[in-house]
Amino acid sequence: GAVVSQHPSWVICKSGTSVKIECRSLDFQATTMFWYRQFPKQSLMLMATSNEGSKATYEQGVEKDKFLINHASLTLSTLTVTSAHPEDSSFYICSAPRGNVESPLHFGNGTRLTVT
Amino acid sequence: AQSVTQPDIHITVSEGASLELRCNYSYGATPYLFWYVQSPGQGLQLLLKYFSGDTLVQGIKGFEAEFKRSQSSFNLRKPSVHWSDAAEYFCAVSPSGGYQKVTFGTGTKLQVIP
């Protein structure tokens with residue numbers, strides 16, 4: 001079964017509003033989680049690394065004030081898209097490693113965000 | 001910097017035929033290599049991984065992949081494709097040490113025809 005749960009699966013919001021996406025590790029603790037963005041017919045682009053109890057690490061070109069990441073517990077990371085615009089419409093996926101540093105990533109099922 | 005190339009954007013095979021998806025990587029040392037599958041509107045599922053040891057690795061759903069250092073390749077294979085294998089496949093690489101800074105290829109979309 002799924003080991004990483006992502007919610008919601010899809011969301012439609014109006015331009016200018018904020019949207020929160022949750023990523024939960026179901027039966028393990030994840031001190032680190034990763035957030036990706038995937039454009040149609042393209043690969044996953046790492047946006048940021050979410051670190052439990054500390055600030056997220058953002059990849060170059062990702063606006064930290066627009067994509068707020070909070071990793072308040074060992075099983076939950078949230079991504080908030082603030083003041084969303086149509087160009088933020090995309091598929092957002094989170095992942096977490098389960099186990100030691102050699103563990104592969106387990107992915108959530110993604111969130112389809114549409115900003116109207 | 002590491003990189004991954006999947007030269008085939010789209011592949012069509014007949015059900016029951018064999019399959020090979022190509023993946024080439026660029027990295028200074030031996031990387032950690034992965035193959036993931038993504039069904040439409042879903043996240044990614046790990047098919048198999050290579051860290052060290054036997055260069056032919058077996059994965060789930062009957063898939064296997066072979067690491068060839070001389071060719072910097074990690075091609076995915078399946079002897080007989082099923083219609084349910086239709087999906088997008090991503091090759092990925094990370095520096096030795098695990099899951100950090102995983103870089104994904106651009107993906108290969110597999111279509112299976114009856």
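Residues numbered from 1 in each chain as written. Chains lettered and ligands numbered in written order. Predicted model: local features only at pLDDT ≥ 70, side-chain atom pairs only at ≥ 80, totals over all residues. Heavy atoms only, no water.

Engineer: Summarise the interface of chain A and chain B; cite the residues concerned and give the values.
Structural biologist: Between chain A and chain B, the contact holds 20 residues from the first and 21 residues from the second. Together chain A and chain B conceal approximately 1700 Å² of surface at their shared face, both sides included; 60% is due to carbon and sulfur atoms. For the pair chain A and chain B, the number of links is four residue pairs in polar contact (both at pLDDT 80 or more). When its residues are assigned to classes, the side of chain A that touches chain B shows ten nonpolar, eight polar and two charged. (Contact = heavy atoms within 4.5 Å. Buried area = accessible area lost by both parts, 1.4 Å probe. Polar contact = N/O pair within 3.5 Å; in protein donor to acceptor, adjacent residues only side chain to side chain. Nonpolar A, V, L, I, M, F, W, Y, C, P; charged D, E, K, R; others polar.)

Engineer: Summarise the packing of aromatic side chains; cite the residues concerned and give the values.
Structural biologist: Evaluation of the coordinates by the stated rule reveals 13 aromatic pairs over all chains. Ring centres 5.2 Å apart and planes at 80° place the aromatic pair Phe107(A) and Tyr36(B) in the edge-to-face group. Of the two residues, Phe107(A) sits in strand β10 (residues 105-107) while Tyr36(B) sits in strand β5 (residues 32-38), which places them in two different chains. Pair check on accessibility: Phe107(A) and Tyr36(B) agree, each one buried. When the ring of Tyr50(B) is compared with that of Phe67(B), the centres are 4.6 Å apart and the planes differ by 25°; the resulting orientation is stacked. Here Tyr50(B), found in strand β6 (residues 44-50), pairs with Phe67(B), found in strand β8 (residues 64-68); they are 17 residues apart in sequence, far enough to count as distant. For Phe67(B), a relative accessible area of 4% gives the class buried. (Phe/Tyr/Trp six-rings, centres within 6.5 Å; stacked < 30°, edge-to-face > 60°. Helix = DSSP H or I, 4+ residues; strand = E, 2+ residues; numbered from the N terminus. Buried < 20%, exposed > 50% of the residue type's maximum accessible area, 1.4 Å probe, protein only.)

Engineer: So what's going on with the state of the cysteines? Which residues, and what values?
Structural biologist: Think of a disulfide as a covalent bridge from one cysteine sulfur atom to another cysteine sulfur atom. Applying the stated criterion to the full structure yields two disulfides over all chains. Here Cys23(A) connects covalently by a disulfide to Cys94(A), the sulfurs 2.0 Å from one another. Linking Cys23(A) and Cys94(A), the disulfide has an S-S dihedral of approximately 80° and is accordingly described as right-handed. Of this pair, Cys23(A) sits in strand β3 (residues 19-25) while Cys94(A) sits in strand β9 (residues 90-97); the two residues are 71 residues apart in sequence, bridging distant segments of the chain. For the residue pair Cys23(A) and Cys94(A), the accessibility class agrees, reading buried in each case. Residue Cys23(B) pairs covalently with Cys91(B) via a disulfide, S to S 2.0 Å. Between Cys23(B) and Cys91(B) the disulfide shows an S-S torsion of about -65°. By sign, it is left-handed. Highlighted residues: Cys23(B) in the loop between β3 (19-21) and β4 (24-26) and Cys91(B) in strand β10 (residues 87-94), separated in sequence by 68 residues. Cysteine Cys13(A) shares no disulfide, and the gap to the nearest cysteine sulfur, in Cys94(A), comes to 18 Å. A relative accessible area of 8% places Cys13(A) in the buried class. (Disulfide = S-S within 2.5 Å.)

Engineer: Describe the confidence of the model for chain B, listing the residues and the values that go with them.
Structural biologist: Averaged over all residues, the pLDDT of chain B equals 91, while 96% of them reach at least 70. Per-element mean pLDDT across chain B ranges from 88 in strand β11 (residues 103-104) of chain B up to 98 in β3(B). (pLDDT = per-residue confidence, 0-100.)

Engineer: Explain unusual backbone geometry to me, and be specific about the residues and the numbers.
Structural biologist: For the bond running from His7(A) to Pro8(A), omega is 0°, close enough to zero to count as cis. As for its position among the elements, Pro8(A) is in the loop between β1 (4-7) and β2 (10-13). In this structure, Lys61(B) is a non-glycine residue whose phi angle is positive, near 60°. You can see Lys61(B) is positioned in the loop between β7 (56-58) and β8. The class of Lys61(B) is partly exposed, set by a relative accessible area of 46%. One non-glycine residue, Ser72(B), adopts positive backbone phi at about 50°. Checked against the element boundaries, Ser72(B) lands in the loop between β8 and β9 (73-78). Since its relative accessible area comes to 26%, Ser72(B) is described here as partly exposed.

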